[in-house]
Amino acid sequence: MARFLKNKKASIGKAPEELIFIGERKVNEASLKLIDYGSETILEKDLSAIKDALSCIEGHTVTWINIYGIHNTKLINEIGEAFNIHPLTLEDILHTGQRPKMEEYDDYLVFILKIMNFDETMETIKSEQLSLILGRSFLITFQERSSDIFKPVINRIRKNKGRIRERASDYLAYALLDTIIDHYLLVIGKLGDKIEEIESDLISNPSKEILTKIYRYKQEISYLRKSIRPTKNFILQLCKIDTEFFKEETAPFLKDLLDLSTQAREIVDIYGVILTDYLNFYDSVTNNKLNEIMKILTIFSVTFIPLTFIAGIYGTNFEYIPELKYKYSYFIFWSVLILTGIGMLAFFKRKKWL
Amino acid sequence: MARFLKNKKASIGKAPEELIFIGERKVNEASLKLIDYGSETILEKDLSAIKDALSCIEGHTVTWINIYGIHNTKLINEIGEAFNIHPLTLEDILHTGQRPKMEEYDDYLVFILKIMNFDETMETIKSEQLSLILGRSFLITFQERSSDIFKPVINRIRKNKGRIRERASDYLAYALLDTIIDHYLLVIGKLGDKIEEIESDLISNPSKEILTKIYRYKQEISYLRKSIRPTKNFILQLCKIDTEFFKEETAPFLKDLLDLSTQAREIVDIYGVILTDYLNFYDSVTNNKLNEIMKILTIFSVTFIPLTFIAGIYGTNFEYIPELKYKYSYFIFWSVLILTGIGMLAFFKRKKWL
Amino acid sequence: MARFLKNKKASIGKAPEELIFIGERKVNEASLKLIDYGSETILEKDLSAIKDALSCIEGHTVTWINIYGIHNTKLINEIGEAFNIHPLTLEDILHTGQRPKMEEYDDYLVFILKIMNFDETMETIKSEQLSLILGRSFLITFQERSSDIFKPVINRIRKNKGRIRERASDYLAYALLDTIIDHYLLVIGKLGDKIEEIESDLISNPSKEILTKIYRYKQEISYLRKSIRPTKNFILQLCKIDTEFFKEETAPFLKDLLDLSTQAREIVDIYGVILTDYLNFYDSVTNNKLNEIMKILTIFSVTFIPLTFIAGIYGTNFEYIPELKYKYSYFIFWSVLILTGIGMLAFFKRKKWL
Amino acid sequence: MARFLKNKKASIGKAPEELIFIGERKVNEASLKLIDYGSETILEKDLSAIKDALSCIEGHTVTWINIYGIHNTKLINEIGEAFNIHPLTLEDILHTGQRPKMEEYDDYLVFILKIMNFDETMETIKSEQLSLILGRSFLITFQERSSDIFKPVINRIRKNKGRIRERASDYLAYALLDTIIDHYLLVIGKLGDKIEEIESDLISNPSKEILTKIYRYKQEISYLRKSIRPTKNFILQLCKIDTEFFKEETAPFLKDLLDLSTQAREIVDIYGVILTDYLNFYDSVTNNKLNEIMKILTIFSVTFIPLTFIAGIYGTNFEYIPELKYKYSYFIFWSVLILTGIGMLAFFKRKKWL
Amino acid sequence: MARFLKNKKASIGKAPEELIFIGERKVNEASLKLIDYGSETILEKDLSAIKDALSCIEGHTVTWINIYGIHNTKLINEIGEAFNIHPLTLEDILHTGQRPKMEEYDDYLVFILKIMNFDETMETIKSEQLSLILGRSFLITFQERSSDIFKPVINRIRKNKGRIRERASDYLAYALLDTIIDHYLLVIGKLGDKIEEIESDLISNPSKEILTKIYRYKQEISYLRKSIRPTKNFILQLCKIDTEFFKEETAPFLKDLLDLSTQAREIVDIYGVILTDYLNFYDSVTNNKLNEIMKILTIFSVTFIPLTFIAGIYGTNFEYIPELKYKYSYFIFWSVLILTGIGMLAFFKRKKWL
């Protein structure tokens, strides 16, 4: 259950106004980082309290506040008050088992989505929740712990690469979403590599280990699909709605995002089908093997059973067995055995078993 | 049939105006409880007759009447008359085999849904019908028997926690629906735990008991899906329609409810797929095992059959068998046996069975 | 073919104006019954010709004409002329292999649907076609033969139970449709009982008879689905269209009908899935059984084969076999046999076959 | 490939204006037949050139030109010019691998569909392409070869049966489409008979021949579905669009056509499901049989293996085997054998194999 | 992974303005070819730089620029600037792992699609990305390498066949799309031939090689479907939208394209189903074979096991075995053996195994 459903028990019947953190605590202390930039200026600093950020928001620059660690309900509450965030949004940020979604409020758009990582040694996909609040001139991101995923975007801002510094907070939101979905494709790619790797083993030597692997990968695919499907859906929704938070000129970028997420979904589905095909193949090959084993067993048994029987006949101790007395009986006996054996083999030849 | 369809026989061709209780009687006496609250006041009492509640409804407070036990058709009829409820609604309340739905009438919204419970010892899901009538200033709930499910909500009202006392009857309806759907997630979680528990047994020791369990869980999943799917659908419908019974400010809470129920549905589907995967895995593992058994049988049989045959040859009583006379015949005989055996094993080595 | 498609051969290329009866003749003589009622009056009589009914239709009462036996094309033609029915409608009434549907004409609504019955001894579902023409003040029903299905409705009219006598012909149409769909649920329930009954046999003793039963029930489910699906669809359509033939006040009853038919469809689908699960279970159990059989065969064979081989060795007639001479050889021989046997069993213990 | 895709190679990159015949030439010479009728008059003649038909078209009569044989691209081109047909339409007529469709042009509606025939000896479905061009006062049909399929319609025209002579070219088009779809139901019925016939064989004696038959029928079902699905779709589309080529009064007939084609599609799908069920049944029965075979083999082997082993023991030539000397040893030996055998059988009894 | 997902790693977090080529470099040097034609004139030349083409575009002729080799990001950038192409479009052109799509910008329509080729020796489908930019009077195509696929279209232009020279750039775009989709059908046809070829082998001699082939073809079908499905979808979209880039008179050609691509998709799906059927058939046949093998093994074993046992009895060395002394014992012994054998065979006859 741990994987497909976070424990909701703690929250049953509670008011949404009572903020509770539901999830695993991944970092000791929550930290806040601020990046404030315009086409000309850039300011980076670590915040000790959220109120230090409020002065920056007033200006014409883009203010990005990045929060690492979300178990601190007091901090989340302060942010909620400072930026006038709806209690339900705060609740969603604190419950790490949320399904990906987008919601529009009067003062902001909120995105809940998952950052995916592929753990190469365990061959499992790990996910963390990212919440992204896009206001008119600010962007707040909530991550479960400090990570490098947005490094390239931060570098583009720092080095003033491309047009990111000239554009508003909506473009920054796009850039972050783009990075996350690119990561999905990366994770799918790595899992896909693992999946394609077992194909040759599957053909040459289908073992129980491979079977177990296939089912493990199937669960990973399920897990990916569970996040990617709703993500794709809210991006589609984002492309359709007419929102003031995204400028007209950002529209083609959103369409590009939709393409990426559609592709992610399709490839996940294709790998799901491939794994199902592997399973059927496994079963067919196993059946095939059983046939081959049975064929060999049958050829041997069926050839030797009558021969052993004949030998048994002449091993009996009846006092009067005329054949035993003739000098050439033993050689005739051998001939009969050999002819019977050849007859059997001819029979199998006709049955196309040899 | 008991589980998937309540007996409709009693009602065939009957007029909807004739009220009949269809279901199992779960409590001896029906009882009525009233909670009437505003931001300042709160009144709780047990009612002996429905008319005692009518005075409360007039005021500006929220009046919540909770009925436990619905087999008393006379009582239901009185309530129907007192609150001007359509006969079809009363019929729906009395038939416990109803599918979850929402309906809008001029004076009220009616919700029919299921309260789910997971019976840990029997490992089955039990359900009861809850009917909820939301009027402009009152809320009536009909339960099959007294239960603790709404305790946390009652406590929030009593202790004036969160904003529940400041809000109207629509928020109360939301709070109850939220509690019920949270319960679904709890039940899914418990069943999910059971499902995930059998995975390791399935890999190490697939037995008929596990197989039977998988099928039992599949039926539970079917049973859950049967209730959750229409529930999700009517919540979606509720988010879309423009009704006076839900205030504008409650809308984000309804969307939250929709998220919860969508998540419930998706996770139920995921467990359905996992169980199907288990079954396929079971079959593959069983096949695998059969192969291993056959391999061992074949190796043994095929190795010993020719050896036993050779021994049989020299057990015959032909008078003239030249080999029997030589002194070293017995040792040569042994050598032939050993070489044949080694040849067989080499053959299996080449076939990759050893 | 008889079950899923009535013979169309007779009608190929024929004009729709040429009325032909396609189906099985289930009654010798067609008969007509008239019930004409208002809130105060009620008149029941057997008609000898359709023209006798025409006078009743003029009034403000509801006129219900029930025709049993539809092979009489002349009678159908007369009715068609008397009530101005479109030739295509008449054609539909006469072809008993019609799929359920609703059609709106200027002067009437026509419903084609199936009355279902579960034949307990044969365990098959029988169906008959019911056509229902709803005009502004009359209702005509066409049944293949006389049946008791509408008895409860007739009794409600006779005894003036509920509101049926106060309402118009549209309410009567609803009451009849409701009765028919209630019957579907009854039939599904009976079939469902049969399906759930075989479950315990399936687990304890899966035999070919059970397998054949499962497939028989699957076909019954298919047969039910074939009728119920389009019925549900046209009721949905009926709820949506804006027709003068159904009064505003009947709308909630139609929604109720939609609920019933949706439930019928869902439960049919659930039983379809259950039967498929049974089949998979059957296969898994059979595989399981094969494994057990093979295990026993293998344990026996593999244990005795080398023992028999060793006995064979000392049954050979070589002149010089040193072991045969020692006094304790026979006891050593036995020890070797017993030790080999124990070794085999230990091997199987390790393989977890014992 | 021959069945599911006609060779497109010849046409790659060609302009649609270059007419090429793609298909099998089924008749030596193309022939043209004209039927021109009104409510009073009827004229039938064989045409030698298309221009002979043009005079008839002017009048108020319905002009039906039936072309048998479409490999003659020159003729098709002349018709195209005479009736102002779009080059793409002519291309569609000439490519016999077209998927069924309807298209509306300014001067005509064009229907491309398949005429189905069930070849009883080969048990395969043959299809031919029929193109139908419906203008305001004319109808042109293109068939691959002369056939009797429209005979009943021609007879209705000749004998002035029904209303066909009083109606316009759109009713003629309906009558022809109706005939073709009735033929689909006939073909489905014949195939369905074959499918239902194998059921009893399947239960009593599942052989490889039956298996091959099931797969052959599955392909026929695929083949049918490939034509029927788009046909149903374009009839649905025809019911919805508002076209001048079909008069208001023909609308109920089109709806009837839609019913027929929907029914055709549904029954094809049901037979598809039945065949899949047959396959699963086949596999289950085969598994069952294997179990029975294994049971018998095991009972025999397991009963006799220890008996043979015991006999082997006393066939050894050890000099000192005390048992051999006692007078009643042989009878004790027999008793042991019989008891062992009985023990084995008791064991199987307990396992419920006997 | 190589097949279903191109490596996205290089682009994570990069700005869309930074153009990177993602794919395999298939040609050394990029080359540009220009064809500029009107109804009267035609000009073909190799360009060394994109600016040489700009003069042609001004005129009333159709200007088609064909670029072979897209790894040259500088060239792509120049084209982007010359024709005012959006950076996202340029990015799509350079990433060869794009999913097929169409996008509308102010100045042009862009199509991304795949050119398919069937590699007969490897029996795999190869694909290359084609990007097509349709402006008001120009058309630019980007191919990964020089190919002959558009040769027939170029020839139609050169030889002034059909109406291509009289029509505008939209017709040229149609002609190219038509060629590509015709190629899909060709590829499907070739793969379909391979698929249908294995059918007879599958029936007569199902081997592991055939099984591996079926799975290989299944992957090819997946690969085809992955490209054809979105292609069909954007053509459908193209038929629906109202764009100035396609003239009214080209509409029927687009519908024709839609038919072609729908057909492509349907046939791909049919082959997918056929392959799945093959797999099931394979399993059934393998099961069947196993049964036959087991039958023969059982008949032999069961017939000979008791015979060998009886022979074993009379091979024992008990001193007192009365039967051994009678003169006719040996013949009676033989009779018993023969009768037992006949009894066994009669048993199998009754079981219908012989």
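Caption draft 1: Structural context of the sheet that holds strand β1 (residues 31-37) of chain D. Residues and elements named next belong to chain D. In space, the seven strands of this open sheet follow the order β2-β1-β3-β7-β6-β5-β4, with mixed pairing throughout. At either end of the open sheet lies a strand with only one pairing partner, and these are β2 (42-47) and β4 (101-104). In this sheet, neighbouring strand axes are inclined to one another by 20° on average, regardless of whether the strands run parallel or antiparallel. Sheet analysis places β1 next to strand β3 (residues 62-68), joined by seven bridges and oriented antiparallel. If you follow D36 over to β3, its bridge partner there is T63. Set on the sheet, helix α2 (residues 73-83) makes contact with β1, β3 and β7 (138-143); between it and β7 the angle comes to about 165°.

Caption draft 2: Up close: the interface of chain E and chain A. Listed by partner, the interface residues are 64 residues for chain E and 69 residues for chain A. Approximately 6000 Å² of surface area, both sides summed, lies buried where chain E meets chain A, with 64% of it carried by carbon and sulfur atoms. Summed over the shared surface of chain E and chain A, the result is five salt bridges. Two residues, E292 of chain E and K351 of chain A, come together in a salt bridge whose shortest N-O distance is 2.9 Å. The interface formed by chain E and chain A includes 18 residue pairs in polar contact (both at pLDDT 80 or more).

Caption draft 3: Examining the packing of aromatic side chains more closely. Counting across every chain of the model gives 99 aromatic pairs over all chains. Ring centres of Y320 of chain A and F331 of chain E lie 6.3 Å apart, and the angle between their planes is 55°; on these two criteria the pair is classed as tilted. Residue Y320 of chain A is located in the loop between α7 (251-313) and α8 (329-350), and its partner F331 of chain E is located in helix α8 (residues 329-350); the two belong to separate chains. Using a relative accessible area of 38% as the deciding quantity, one classes F331 of chain E as partly exposed. By the ring-pair criterion, three or more aromatic residues cluster together here, those being Y314, Y330, F331, F333 and W334 of chain A together with F318 and Y320 of chain B. Sitting over the ring of Y320 of chain B, K327 of chain A keeps its end group 5.3 Å from the ring centre.

Caption draft 4: View of the relation of the copies chain E and chain A. Note on the identical chains: chain E maps onto chain A by a rotation of 72° and an axial translation of 0.1 Å, with an RMSD of 0.1 Å. Interpreted geometrically, this transformation is the action of a five-fold axis. Within chain E, the C-alpha atom positioned nearest to the axis of rotation is that of G315 of chain E, 4.5 Å from it.

Caption draft 5: A look at the interface of chain D and chain E. Every contact between the two is made by 64 residues of chain D and, on the other side, 67 residues of chain E. Linking chain D with chain E are six salt bridges. Here chain D and chain E share 18 residue pairs in polar contact (both at pLDDT 80 or more) between them. Elements supplying a minimum of two residues to the side of chain D that touches chain E: α3 (87-94), β4, α6 (208-240), α7 (251-313) and α8 (329-350) of chain D. Counting residues per element, the side of chain D that touches chain E draws most heavily on α7 of chain D, which supplies 17 residues. Class assignment of the residues belonging to the side of chain D that touches chain E gives a composition of 29 nonpolar, 16 polar and 19 charged.

Caption draft 6: The arrangement of helix α8 (residues 329-350) of chain B in detail. In a regular helix each residue adds 1.5 Å, so 22 residues correspond to 32 Å; α8 of chain B covers 31 Å between its end C-alpha atoms and thus fits that length. Where the residues of α8 of chain B are buried, they touch α7 of chain A, α7 (251-313) of chain B together with α7 (251-313) and α8 (322-325) of chain C. Just beyond α8 of chain B, the residue with positive phi is K352 of chain B, at close to 65°.

Caption draft 7: Focus on unusual backbone geometry. All names here are of chain B. In this model, N84 sits at a positive phi of 60°, which is unusual for a non-glycine residue. Among the secondary structure elements, N84 is positioned in the loop between α2 (73-83) and α3 (87-94). N84 sits in the exposed class, given a relative accessible area of 53%.

Caption draft 8: The relation of the copies chain D and chain E, seen in detail. For the pair chain D and chain E, the superposition axis carries a translation of 0.0 Å, the fit reaches an RMSD of 0.2 Å, and the rotation angle comes to 72°. By residue overlap, the copies meet through two different surfaces: only 16% of the interface positions of chain D are interface positions in chain E.

Caption draft 9: Structural view of the pairing of strand β5 (residues 109-119) of chain E. Residue and element names in this part refer to chain E. A large share of β5 lies buried, amounting to ten of its eleven residues. Here four bridges tie strand β4 (residues 101-104) to β5, and the two strands are oriented antiparallel to one another. What sits directly across from E104, in β5, is L109. Count of turn residues in the β4/β5 antiparallel hairpin: four residues. The pairing of β5 with strand β6 (residues 124-134) spans eleven bridges and is classified as antiparallel. Within the sheet, the bridge partner assigned to F111 lies in β6 and is L132.

Caption draft 10: Highlighting the sheet that holds strand β7 (residues 138-143) of chain B. All names here are of chain B. Taken together, seven strands build an open sheet; the order of strands is β2-β1-β3-β7-β6-β5-β4 and the sheet is mixed. One side of each edge strand has no neighbouring strand; the edge strands of this open sheet are β2 (42-47) and β4 (101-104). Each neighbouring strand pair of the sheet contributes to a mean axis angle of 20°, computed without reference to strand direction. The pairing of strand β6 (residues 124-134) with β7 spans five bridges and is classified as antiparallel. Each residue of the ladder has a partner; that of S131, found in β7, is F142. Contacting β4, β5 (109-119) and β6, helix α6 (residues 208-240) crosses the sheet at an angle of about 150° to β5.

Caption draft 11: Geometry of the pattern of salt bridges. One pass over the full model with this rule turns up 100 salt bridges over all chains. With a closest N to O distance of 3.1 Å, K126 of chain A and D119 of chain A form a salt bridge. The class of K126 of chain A is partly exposed, set by a relative accessible area of 45%. By relative accessible area, which is 19% here, D119 of chain A ends up buried. We note a salt bridge from D277 of chain A to K218 of chain E, for which the minimum N-O separation is 3.1 Å. Residue D277 of chain A is located in helix α7, and its partner K218 of chain E is located in helix α6 (residues 208-240); the two belong to separate chains. The class of K218 of chain E is buried, set by a relative accessible area of 15%. In this structure, a network of salt bridges that share partners links the residues D92, K101 and E103 of chain A together with D256 and D259 of chain B.

Caption draft 12: Structural context of helix α3 (residues 87-94) of chain C. Burial of α3 of chain C is extensive: eight of the eight residues sit out of reach of the surface. Taken residue by residue, α3 of chain C has P87, L88, T89, L90, E91, D92, I93 and L94 of chain C as its buried positions. Lining the buried residues of α3 of chain C we find α2 (73-83), β4 (101-104), β5 (109-119), β6 (124-134) and β7 (138-143) of chain C together with α7 of chain D.

Caption draft 13: Looking closely at the arrangement of the chains. The two units chain A and chain C never meet; even their closest C-alpha atoms stay 9 Å apart. At their nearest point, the C-alpha atoms of chain B and chain E are still 9 Å apart, with no contact between the two.

Caption draft 14: Examining the packing of α7 of chain A against helix α7 (residues 251-313) of chain E more closely. Where α7 of chain A contacts α7 of chain E, the axes come no closer than 9 Å and their chain directions differ by 20°. Of the possible angle classes, the one that applies to α7 of chain A and α7 of chain E is roughly parallel. α7 of chain E is crossed by α7 of chain A, and the crossing has left-handed handedness. Broken down by class, the residue content of the contact of α7 of chain A with α7 of chain E amounts to 18 nonpolar, eleven polar and three charged.

What counts, and where the lines are drawn
Residues numbered from 1 in each chain as written. Chains lettered and ligands numbered in written order. Predicted model: local features only at pLDDT ≥ 70, side-chain atom pairs only at ≥ 80, totals over all residues. Heavy atoms only, no water. Pairing = 2+ DSSP bridges. Helix = DSSP H or I, 4+ residues; strand = E, 2+ residues; numbered from the N terminus. Axes fitted to C-alpha atoms, helices over the stretch in contact; angles between N-to-C directions. Contact = heavy atoms within 4.5 Å. Buried area = accessible area lost by both parts, 1.4 Å probe. Salt bridge = Lys/Arg side-chain N within 4 Å of Asp/Glu carboxyl O. Polar contact = N/O pair within 3.5 Å; in protein donor to acceptor, adjacent residues only side chain to side chain. Phe/Tyr/Trp six-rings, centres within 6.5 Å; stacked < 30°, edge-to-face > 60°. Buried < 20%, exposed > 50% of the residue type's maximum accessible area, 1.4 Å probe, protein only. Lys NZ or Arg CZ within 6 Å of the ring centre and 35° of its normal. Least-squares fit on C-alpha atoms with pLDDT ≥ 70 in both. Nonpolar A, V, L, I, M, F, W, Y, C, P; charged D, E, K, R; others polar. Expected span 1.5 Å × (residues − 1). Parallel < 35°, antiparallel > 145°, perpendicular 65-115°, else oblique. Left-handed = near helix turned anticlockwise from the far one by under 90°.

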